[in-house]
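Notes for the structure review
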Amino acid sequence: MKALILTGGAGRNLVPFSATRPKASVMVAGGSLLRRSIGHLREAGVTDLTIVTGPNGDKIHRGFGEGSELGVNLSYADQGQPSGIAQAILAAKDRFNPGEYLILVYGDVVTSANPYPQLLQSFNSFTGPIAAVCLPGPPTARYGNVYLSGTRITRIVEKPTEENLGNYVLAGMFVLPTDLFGLVESAGDMEAVFAQLMAKFGLHASIWESGWIDVESPWDILAANQMVMDTWEEARVSRDAVIEGNVTIAGPVHIEGGSHVKSGAVLVGPCYVGRDCYIGNNSLIRNYASIGPESTIGYGVELKNSVLFGRSDIGRLSFVGDSVLGEGVDTGSNTVTINENLDHSPISVDLRGESTRTGLKKLGSFIGDDVKIGASNTLAAGSILEPGTIVPHNATLRGPRD
Amino acid sequence: MCGIAGVVSGQPIEDRLYEGIHHLEYRGYDSCGVAFHNQGHIEIRKNVGTVDEVHGKENLRKIASHVGIAHTRWATHGRVTRDNAHPHHSPSGEFVIVHNGIIANYKPLRAGLIEAGGEFVSETDTEVIAHLLEGQYRKLGDVERAWVATLRLLEGSYALAMISVHDRERIYCARHESPLIIGVGSGSNYVGSDFNAFIEYTKNTVILDDGEYGTVTKDSYSVKSLKTGDPVAKTITVVPWDPELSGKSGYPHYMLKEIHEQPQAIRRALHIGEDEIDAVAEMIAAARRVSFMGVGTTYYVAMYGQYIFAELAQTEVAVVSSDEFRHLDLTDENSVVLAVSQSGETYDTIMSLRHAQARGAKTVAIVNVIGSSMARLVDRVILQGSGPEVCVVSTKAGLVQMVLLTRLAIAVGVRRGVVSAVAKREFDDALASLPELIESILNERSGVIRAAAYGHAKKDHWLFLGRGIYYPIALEAALKMKEVTYVHAEGMAAGFLKHGTLSLIDDRFNTLVFVPPAEQANLHVATTSSAEEVKARGGFVLGYTFDRDEDLYDEKVVFPAAHPLVAPFLPLVGAQLLAYFTATALKRNVDKPRSLAKSVTVA
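Every value quoted in this text rests on a predicted model; they were computed, and no experiment measured them. Counting from 1, residues in each chain are numbered in the order their sequence is written. Chains and ligands are labelled sequentially in the order written, the chains with letters from A and the ligands with numbers from 1. Local features are withheld for residues below a pLDDT of 70 in this predicted model, meaning they are given only at 70 or higher, and side-chain atom pairs are given and counted only at 80 or more; totals for whole chains, interfaces and linings count all residues.

1. Brief notes about the overall build of chain B
Each helix and strand in chain B was counted, giving 18 helices and 24 strands. Restricting the calculation to C-alpha atoms gives the radius of gyration, and the globule rule supplies 2.2 Å times the number of residues raised to the power 0.38. Here the C-alpha atoms of chain B give a radius of gyration of 27 Å, agreeing with the 25 Å that 2.2 N^0.38 yields for 603 residues. Expressed as lengths along the three principal axes of its C-alpha atoms, the size of chain B is roughly 80 × 55 × 45 Å. Of all 603 residues assigned to chain B, the portion counted as buried reaches 58%. Here the analysis covers contacts within chain B between residues at least 6 apart in sequence; of these, 71% occur between residues at least 24 apart. A run of H or I in DSSP becomes a helix once it reaches four residues, and a run of E becomes a strand once it reaches two; helices and strands are each numbered from the N terminus. Counting other C-beta atoms within 10 Å of a residue's own tells you its class, since 20 or more makes it buried, 12 or fewer makes it exposed, and anything in between is partly exposed; those C-beta atoms are placed from the backbone. We call two residues in contact if the C-beta atoms placed from their backbones are at most 7 Å apart.

Structure representation (structure tokens):
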């Protein structure tokens with residue numbers, strides 16, 4: 001069976017990262033969302049993959065090529081300017097044969113374990129269209145409710161009432177017949193496509209009970225990173241990593257090859273150090289820190305619950321907590337991300353000009369690709385720095401509450 | 001649900017049909033059989049029992065023939081007999097069929113055939129198809145044309161596979177609303193209900209859609225539209241696959257599958273004939289002494305029965321746990337003992353039934369597994385028809401048993417003149433509303449219950465409180481929690497609390513209160529006051545309530561308004577979900593909790 005992965009969405013809420021990269025190339029726990037999806041599909045025996053890309057899609061193309069490094073065959077289809085899932089699906093229409101079934105994957109979804117064996121098993125049971133559904137955790141109005149009778153999906157309610165929030169939702173993974181393309185052409189939007197699938201073919205649910213996060217807002221990256229790292233059970237240090245004397249490693253710490261951990265560093269898992277990193281003397285890398293490849297962490301830096309996409313340089317004596325740093329972000333020495341309000345109230349973030357409540361009591365900054373921050377800077381909780389921003393030395397960034 | 005397998009091969013079939021239905025046993029296992037060409041005729045071997053049991057009697061392996069079909073059955077209605085087992089043959093034996101599904105118009109078809117002189121061996125709708133097919137063949141003289149003409153006569157759902165002495169190279173198959181697929185191997189092709197039927201031999205499959213039929217030879221297949229007769233272009237689907245998940249039909253665990261199967265299982269239980277229920281009601285109404293027994297979940301089911309019999313039938317019932325029954329047994333020839341068991345094999349219950357029988361008591365059992373020891377032992381049996389229950393922790397079987405005890409209580413009440421015709425109609429309507437109510441809980445309350453479960457998964461102690469008929473509900477709910485999560489949970493009558501247990505309550509102790517609807521005023525007030533007692537001691541209270549405005553609880557789950565007769569079922573489903581989600585949050589072995597077995601067949 002072949003798979004179709006959609007990565008072309010605009011990701012309007014995923015500031016400041018969506019300006020320079022597709023959502024699917026956001027990193028969690030040392031790998032991009034897309035790399036994780038491809039790995040799961042390959043483990044489930046699905047190796048013929050078509051990826052639909054949108055803006056900045058060349059990043060994906062350059063990163064994965066034909067897929068030989070991942071043990072899969074990748075082909076690409078460009079959807080141009082994104083205008084919805086239906087349009088994205090049609091971009092790949094000519095890649096599939098009539099009468100076939102295909103796996104459709106939304107590229108911005110992260111699961112705590114491989115969902116495809118179960119999805120395929122559902123397909124095995126019903127030999128008809130399948131949609132993975134799940135309970136998304138705390139009630140949210142982001143999704144419509146899926147109604148089931150047994151496993152049959154009877155209806156999808158787009159705007160559920162307040163007390164029905166947080167029930168079964170579409171999990172962004174499907175097994176569908178290639179009739180899909182015809183339905184998309186005639187129906188236009190996905191709501192109508194699903195209604196027709198239900199009416200014409202019957203649509204069965206595959207209930208996913210393990211972790212599931214749809215990465216929509218920047219803080220979802222931290223939640224997804226935690227969810228994946230929570231599945232780690234042991235420490236794993238590459239034979240090509242150099243660990244100097246007097247380094248403490250506790251809990252599930254993953255260190256990739258070519259990295260150098262200097263004396264006095266303390267790593268408390270779960271945390272991740274990508275390939276070719278430098279971890280300075282007396283640094284503290286603790287729970288849910290994920291350091292992408294080719295990064296340099298200076299002397300005495302503390303990192304916690306943060307995702308660094310890679311190629312970052314964190315200056316000595318800095319603190320980075322509850323934050324996400326894009327690729328190539330450098331900070332001067334003594335940079336501090338403030339990660340809580342003094343009254344412990346939940347932190348709000350300014351998303352596209354709108355103050356948005358996160359509900360989180362601890363939250364640092366979201367720093368776009370290639371931002372350069374001078375020495376001795378303090379970043380207010382919930383700060384967002386657009387890609388390429390240059391912050392001079394000794395500036396204090398004010399957050400939305402100031 | 002039943003399972004179909006078929007093989008057309010250049011080589012002898014050997015064990016392939018046996019393996020196929022063996023892997024399909026999760027779809028049903030009360031009887032099975034195979035059919036294959038043998039020296040100019042078709043030989044059928046079938047019997048009652050699991051695939052291995054039938055193999056022991058009939059030898060289903062080492063088949064030398066090159067073409068054959070097979071079937072494993074789970075009867076939801078009707079008897080489990082050798083005659084009713086598949087495959088079924090036409091009068092002359094020239095056509096042999098296996099079938100999964102229900103032919104909606106089989107009665108008029110059968111009546112027509114009988115009028116024309118047809119004689120039937122079985123009670124099945126499937127045999128009707130075999131008869132029709134032979135008749136069409138006599139008219140048309142061509143197997144495929146006869147197959148199409150027959151299929152066009154059928155209404156309802158079917159997956160079919162057929163072999164005929166008039167075409168020894170092919171299996172004919174068809175699909176309408178029941179699954180059927182073709183497996184494409186090298187030198188052999190297959191048909192099956194799903195991939196399990198041929199998983200050891202090929203992963204290449206062609207999926208039939210509704211309204212399509214196929215013919216399969218050892219090295220080719222063709223699929224056509226039943227409506228137009230035109231060939232349908234089909235692509236081979238290669239299905240990677242994990243045998244570990246087989247049978248869960250898209251659910252992460254059997255427990256969740258079985259929780260979600262409850263609406264359908266209740267619908268089936270409500271279709272069990274009034275006469276069957278009334279025959280047992282007559283025994284109970286005539287008895288001087290009535291005892292219910294079960295053990296584990298079924299003990300709480302029996303206890304629910306005790307309350308519902310007091311309420312509806314004004315009949316006093318003694319409830320005894322099966323393992324203690326013998327020590328209390330005062331039954332005599334004027335007694336009826338009713339046992340409840342999913343498997344029908346529970347050692348303690350069987351021993352107790354024998355004990356009661358020896359004292360002259362009449363015995364009844366409500367069981368799920370047809371042909372089980374208990375079903376054969378008792379004077380009367382009600383088969384609940386809930387389908388296989390695989391998870392060690394019982395959900396659907398217990399709930400359906402409660403529905404059946406409710407039906408029994410109504411029937412006894414009618415016989416005793418304490419349930420009027422009007423009241424019976426009201427109760428029947430209330431029961432009929434139950435499947436949809438449970439569906440609405442699964443669809444609209446799963447999220448909030450999961451959030452509560454994940455939020456409180458680390459608590460070490462739960463107290464489950466209920467009054468009146470909500471007391472056995474609380475007991476059963478606590479058992480669910482204990483079994484699957486290994487978290488301590490104690491079910492208790494809410495009025496009992498202040499006579500000792502209240503001293504346990506502090507802020508580390510969670511309490512779940514089963515609050516009846518406000519219209520049951522006395523019960524409601526008494527229950528909420530117990531909740532207040534817990535709150536006053538600093539305990540956390542989760543309210544399972546029907547009243548959205550009640551703000552007494554730290555957290556609450558509001559259940560949809562329901563008739564008081566069926567209202568207790570709703571928070572019980574909510575408690576099953578709470579136990580399930582707590583278990584997944586704690587990463588427990590949900591379907592096989594440590595130390596437990598599905599059916600306890602030892603002392």
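Anyway, onward from the coordinates.
2. Some points on helix α11 (residues 347-358) of chain B
Helical geometry: 3.6 residues make up each α-helical turn, so side chains three or four residues apart lie on a common side. Residues and elements named next belong to chain B. Here a helix's expected span is defined as the number of its residues, less one, multiplied by 1.5 Å. For α11, with twelve residues, the first-to-last C-alpha span of 17 Å sits near the 16 Å given by 1.5 Å per residue. Within the span of α11, buried status applies to Asp348, Thr349, Ile350, Ser352, Leu353 and Ala356. Tucked into the core, α11 has its buried residues touching β15 (289-294), α10 (322-328), β17 (335-341), β18 (362-367) and α12 (373-377). Count one or two residues on from α11 and you reach Gly360, which has phi positive near 95°.

3. Looking at the environment of Val96 of chain B
Residue and element names in this part refer to chain B. Looking at the secondary structure, you find Val96 in strand β6 (residues 95-100). The class for Val96 is buried, based on 28 C-beta atoms found within 10 Å. When neighbours within four sequence positions are excluded, Val96 is seen to be in contact with Ala35, Ile42, Ile44, Ile69, Pro87, His89, Met162 and Ile163.

4. With respect to the sheet that holds strand β21 (residues 488-493) of chain B
Strand pairing in a sheet relies on backbone hydrogen bonds, with the paired strands running either antiparallel or parallel. Residue and element names in this part refer to chain B. The five strands are arranged β21-β20-β22-β23-β24 in an open sheet whose pairing can be described as parallel. Looking at which strands have only one partner, the edges of the open sheet turn out to be β21 and β24 (555-558). Put simply, the sheet's adjacent strands are angled 15° from each other on average, direction ignored. Pairs of strands are assigned from DSSP output, requiring at least two bridges between the strands. Pairing analysis gives four bridges linking strand β23 (residues 540-545) to β24, with the strands arranged parallel. Among the inter-strand pairings, Tyr544 is bridged to a residue of β24, identified as Val557. Lines fitted to the C-alpha atoms define the axes, with helices restricted to the stretch that makes contact. Angles between their N-to-C directions range from 0 to 180 degrees. Helix α16 (residues 470-485) contacts β20 (461-466), β21 and β22 (509-514) of the sheet and is inclined by roughly 175° relative to β21.

5. Focus on the interface of chain A and chain B
By a widely used convention, the size of an interface equals the accessible area lost when the partners come together. Counting residues at the interface gives 40 residues for chain A, matched by 35 residues for chain B. Taken together, the elements giving at least two residues each to the side of chain A that touches chain B come down to α4 (116-126), β9 (145-149) and β12 (204-208) of chain A. Looking at which element gives the most residues to the side of chain A that touches chain B, the answer is α4 of chain A, with eight residues. Three classes are used, and their members are as follows: Ala, Val, Leu, Ile, Met, Phe, Trp, Tyr, Cys and Pro are nonpolar, Asp, Glu, Lys and Arg are charged, and the others, Gly among them, are polar. Its residues placed into classes, the side of chain A that touches chain B shows 19 nonpolar, 18 polar and three charged.

6. A closer look at the confidence of the model for chain B
Every residue is assigned a pLDDT by the predictor, reflecting its confidence on a scale from 0 to 100. In the predicted model, chain B carries a mean pLDDT of 92, and 97% of its residues have values of at least 70. We note a pTM of 0.80 for the whole complex and an ipTM of 0.84 for its interfaces.

7. What about the domain arrangement of chain A?
Residue and element names in this part refer to chain A. According to the domain assignment, chain A consists of domain 1 (2-229) and domain 2 (236-397). Where each domain starts and ends comes from a domain assignment, either automatic or drawn from a database. For domain 1 versus domain 2, the distance between C-alpha centres works out to 30 Å. On the domain 2 side, the residues contacting the 19 residues of domain 1 number 25 residues. At the level of secondary structure, the elements contributing two or more residues to the side of domain 1 that touches domain 2 comprise β2 (27-28) and α7 (218-229). When residues of the side of domain 1 that touches domain 2 are assigned to their parent elements, the largest contribution, seven residues, is made by α7.

8. A short note on the packing of helix α9 (residues 297-313) of chain B against helix α13 (residues 396-416) of chain B
Axes are the key here: two packed helices are described by the angle between their axes and the distance separating the axes. Residue and element names in this part refer to chain B. Remark: α9 packs on α13, axes separated minimally by 9 Å, with the N-to-C direction vectors making an angle of 25°. Relative to α13, the element α9 lies roughly parallel. For the crossing formed where α9 meets α13, the hand is right-handed. Contacts between α9 and α13 pair Thr297, Thr298, Val301, Tyr304, Gly305, Ile308, Phe309, Leu312 and Ala313 from the former with Gly398, Gln401, Met402, Leu405, Thr406, Ala409, Ile410, Val412, Gly413 and Arg416 from the latter. When grouped by side-chain class, the residues that make up the contact of α9 with α13 number eleven nonpolar, seven polar and one charged. Roughly parallel refers to an angle under 35 degrees, roughly antiparallel to one over 145, roughly perpendicular to one between 65 and 115, and oblique to any angle outside these ranges. Working rule for handedness: look at the near helix, and if it is turned counterclockwise from the far one by less than a right angle, call the crossing left-handed; if clockwise, right-handed.

9. Some points on the pairing of strand β16 (residues 318-321) of chain B
Bridge count between β15 of chain B and β16 of chain B: four bridges; the pairing is parallel. Its bridge partner lying in β16 of chain B, Phe292 of chain B is registered against Val319 of chain B.

10. Structural notes on the sheet that holds strand β23 (residues 289-291) of chain A
Spatially, eight strands are ordered β14-β17-β20-β23-β26-β29-β34-β37 (chain A) in an open sheet, and the strand pairing comes out parallel. At either margin of the open sheet sits one strand with a lone partner, and together these are β14 (236-237) and β37 (384-385) of chain A.

11. Re the pairing of β20 of chain B
Residue and element names in this part refer to chain B. Most of β20 is tucked away, with five of its six residues classed as buried. When β20 meets β21, the two strands line up parallel, connected through six bridges. Bridging across to β21, Phe464 finds its partner in Gly491. Here a crossover is taken to be right-handed if, once the strands point away from the viewer, the path from the first strand over the helix to the second is traced clockwise. Remark: the β20/α16/β21 crossover connection has right-handed handedness. In terms of strand pairing, β20 meets β22 through five bridges, oriented parallel. Directly across from Trp462, in β22, lies its bridge partner Asn510.

12. What about unusual backbone geometry?
It is generally the case that most residues other than glycine have a negative phi and that most peptide bonds are trans. Look at the link from Val15 of chain A to Pro16 of chain A: it is a cis peptide, with omega at 0°. By secondary structure assignment, the location of Pro16 of chain A is in the loop between β1 (2-6) and β2. Between His86 of chain B and Pro87 of chain B the backbone carries a cis peptide bond, its omega angle lying at -5°. The topology assignment puts Pro87 of chain B in the loop between β4 (67-73) and β5 (88-89). Even without being a glycine, Asn246 of chain A presents a positive backbone phi close to 60°. Positive phi, close to 65°, is recorded for Tyr486 of chain B, a residue that is not glycine. Along the chain, Tyr486 of chain B turns up in the loop between α16 and β21.

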